Structures are given as C-alpha cells and as structure tokens.
Amino acid sequence: MGVICFDRPELSDARQLVESQGLRFEPHFDDLVGLFEMGQLVACGARSGYALKMLAIAPSHQGTDALGTLVTRLMLSALSAGHDTVFVFTQARNVGSFEALNFRLLVTHGEVALLEHGPGLKEYLASHASLITEGQNGAIVINGNPFTLGHLYLAEFAARQVDRLYLFVVREDVSVFPFAVRFRLAEEATSHLPNVTVLDTSRYAVSAGTFPNYFLKRLDEAAPAQMQIDVRLFAERLAPCFHVASRFAGQETLCPTTAAYNRIMAEVLPAQGIQFVELPRIEAGGLPICATRVRRAFADGDVATLRDLVPPATLRFMKSPPAHELAERLRTDRKEV
Amino acid sequence: MQIKCKASAGTMQSSDLMVVVEPSDTLQVEIESTVKKQYEHLIRARITSVLGELGVSAGRIQVSDRGALDYAIAARIEAAIRRAAGE
C-alpha cells in the first residue's frame, strides 16, 4: 500500500468514493491524498487550511489503519503549511476512530462532531489565562470588517450590563480588512471602556474550522449543522472558561447568514445557561449601520457618509496610506460582481 | 544539540508516534497518547533520557503516540531532534 498525491484523472474516483460514504465532495482544498491498492483507490482525504475533510475509506478497507495513513500524510502537509493544530468535522459515529489517533472531541451535536489534534484549545485558553477575570461576564463575537458605530454601540451597551466584556474578533483572514487591522481598530475604538477586553477567536468561533459556510457568499445545506457546532462550542468550551453569562449581538435584517446564526444563538445559548441579548441596529441617515454599508462608502471615498458610520479610529485608518490599496481592491471586486 | 528549526518524525499509524519539535526558550514536552493514563510517565521518562543523551536543554516537543514501544519512541524523538538541529 502506498500513498500518492492526486492528479486530475483520479479526481473522479475520489469524488465517487467520498460520495459513496455519504460525504459531500468539495472541489476546494489545498491538498488531496489517496491510498491505492493494486491501482484501485481505497481511501482518500483532503485538507483545506487547518481543516481535514472528505476522509473516506472504502468498506473493504474499513477496520484497517487506512485512516492513520491518510491522516499522517495530511498532518505533515498541514505542518509544512504552518498548522500545528488540525480540525476535522465528521459524523458522530466516527468520533472513536479519530480519538484513537489522539484527536480530542471539541463538540458534538446530533449526527455531527468536531474534533482537533494538536495543542489547540488548551494552548489557546492557556495563552489567554491572564486576561480572564471572575464575575458575570459578557461576550460579543464580531468580524469587524471594519469596526463601525454599530459595533461600538453594541460594545458600550453590553459593557454596562456585565462585569467584563470580552470582544472576540474573528481571526480568520478572509475579509477585506486584515485581521491585524480589524483587531487594532476594535481595541482603539473601545479603549475608553475600561472593562472591555479585545481577544482573537483563534479557530474557536466563526472560523473556517467551525463554520466554513460563513466565508462563502451563499449558504449550503451544511450551514445549519455548522452553526449549531459553532454556537455550542462557544457555549460549552469558551463561555465557561471566560465566565461568560451573556452573549450580545446586533439584530440582522439584511444578511441571511447572520440572521440564521442569531436564531441559533437564541435557541441554543439559553438552554446552556447563557443569556442571549439581541439589540436593534442603530441607524444613520434612516438606514441601519452595517459594515457592508461602510465598505461601500469607503470604496467610494465618501468621507462625509463614513463620518456617520464609523468611530474616529476606523476613519483615521481609512484615511491612511495602507487603506488606499484596500479601497482599490473593493472597487475591483465590485466591478467583477 | 540545539533545536534550530521546526521538524517532525514518525507517523500517526498504530504502534507508532508522531513527533514535532520546534525552538523554544524553555524545554516543554507535551504528550498525547492513546495509552496516556497507563504509560505517560514511562513515555516521558524515555523522552527525557533521549533528550539528555543528545544534550537538548530547550525546545518544544509535541508527541502524539499510538502505543509505540519504547525503542520506537527513542528513535522517533532522536530523528526529529537531528532534523531540527539541521543534521
């Protein structure tokens, strides 16, 4: 038995194998490996960033160590891409097979489960231990692409209700504004609020590992399960460590993804003992403030509108030279749509 | 021997282990094992002795073990360290 990497002609065999195991074949991945016996594909698996996916083993080879072979190859490729920790989204009945490879269960719900291998959550929590304070704390998770007056209103409101407010900024770098900028703007805009701590979500909230659909333009049928996993991971693993008793979010009327995510928070969080508070959006010029509107005005160079939509920190950044390239990219993207 | 870069050795197959080593100011040995409850102390002892023989005093060593025998542990650790030292 040997592992070889795929080239084109074998893709259709892989698709067939993946689909025969009740999984969806997703054409986007960084790496796809297959295990062959006598020229026949008997197992395959893929990696997209730090997420392993489409791990499928032909019935004839289940019960062998095919999974160990595949995962070895994918872990090495993850390591060379800079990922110490890898995630796998799988069916709940496969949890044992992954635990036998030293994966740890992060969260499970219904028929799906999310596991990780590597320093992962333990390291994330340890590295944030000094920021954790006891009390009735609150949490907000934002992408902040970029930070708006809407985010600020939400943070100010929430900060008044809790002992400490953890403002988690989505770590995944797939938005127009890079993580470092989104994080810094969130910090600067809330620096007048002494009980607000800005944190990064790492892989543990609204990430490519927990909720890959968030980063797609349209939702697919896997989205509801991913949102359940994402919200439950927050409730079961993050909230207890950060003493989070309430999670806050802005009401969503425009974006169906965020609206659906809010509905799932409203359903799941209270059952886990976490209060969910949804605030109506504040408005400017008769319309709700949202980051999409901000990006549009930013691309148009409409400073007068931006002044009504974003805090001074964000406006300062938007006027700075590094922002010019981002505005240019937004304009290019718009032309392509 | 000094750990100068990130390196790995081994596999995730049954009866083997995968080792990842990288530079660090202190010596940290992190062990995950399917037989952690029974044998973590023995695995750690073997790793510590190999590190001693190779004169490694700093670095982060992550081990994911699937019930490897002690000579396999020693060999994988040594291979990873030698790679990380640029040999």
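Quick note: structure is the one above.
All figures in this text were calculated on a predicted structure; none of them were measured in a lab.

### What to know about the interface of chain A and chain B
Piece 1. Each side of the interface is counted separately: chain A has 13 residues, and chain B has 14 residues.
Piece 2. If you tally residues by element for the side of chain A that touches chain B, the top one is helix α2 (residues 66–80) of chain A, at 7 residues.

### Quick notes on helix α5 (residues 149–161) of chain A
Residue and element names in this part refer to chain A.
Piece 1. If you check α5, its first and last C-alpha atoms are 19 Å apart, about what 13 residues at 1.5 Å a residue would give, namely 18 Å.
Piece 2. For α5, the complete set of buried residues consists of Gly150, His151, Leu152, Leu154, Ala155, Ala158 and Ala159.
Piece 3. Where α5 is buried, its residues touch β8 (137–142), β9 (165–169), α6 (179–189), β10 (196–200), β11 (244–250) and β12 (275–279).

### Some points on the sheet that holds strand β4 (residues 59–65) of chain B
Backbone-to-backbone hydrogen bonds join strands into a sheet, with any given pair of strands oriented parallel or antiparallel.
Residues and elements named next belong to chain B.
Piece 1. If you trace the 4 strands from one edge of the open sheet to the other, you get β1-β2-β4-β3, paired in mixed fashion. A strand with exactly one partner marks an edge of an open sheet, and here the two such strands are β1 (7–10) and β3 (27–33). Here the strands of the sheet are splayed against their neighbours by 10 degrees on average, with no regard to which way each runs.
Piece 2. Here 6 bridges tie strand β2 (residues 17–22) to β4, and the two strands are oriented antiparallel to one another. Bridge pairing in β4 links Val21 to Ile61.

### Here we look at the nonpolar core
Piece 1. With 115 residues, the main nonpolar core has Cys44, Ile140 and Leu167 of chain A together with Val19 of chain B as its most contacted residues.
Piece 2. In terms of residue count, helix α7 (residues 223–241) of chain A provides more of this core than any other element does, 9 residues in total.
Piece 3. A domain split of this core shows at least three residues from each of domain 1 (2–118) and domain 2 (123–336) of chain A.
Piece 4. Aside from chain neighbours lying at most four places away, what touches Leu167 of chain A is Ile140, Ile142, Ala155, Ala186, Thr190, Val196, Thr197, Val198 and Leu199 of chain A.

Rules of the game
- Residues numbered from 1 in each chain as written.
- Chains lettered and ligands numbered in written order.
- Predicted model: local features only at pLDDT ≥ 70, side-chain atom pairs only at ≥ 80, totals over all residues.
- Contact = placed C-beta atoms within 7 Å.
- Helix = DSSP H or I, 4+ residues; strand = E, 2+ residues; numbered from the N terminus.
- Expected span 1.5 Å × (residues − 1).
- Buried ≥ 20, exposed ≤ 12 C-beta atoms within 10 Å, placed from the backbone.
- Pairing = 2+ DSSP bridges.
- Axes fitted to C-alpha atoms, helices over the stretch in contact; angles between N-to-C directions.
- Core = buried A, V, L, I, M, F, W, Y, C linked by C-beta atoms within 7 Å.
- Domains from an automatic or database assignment.

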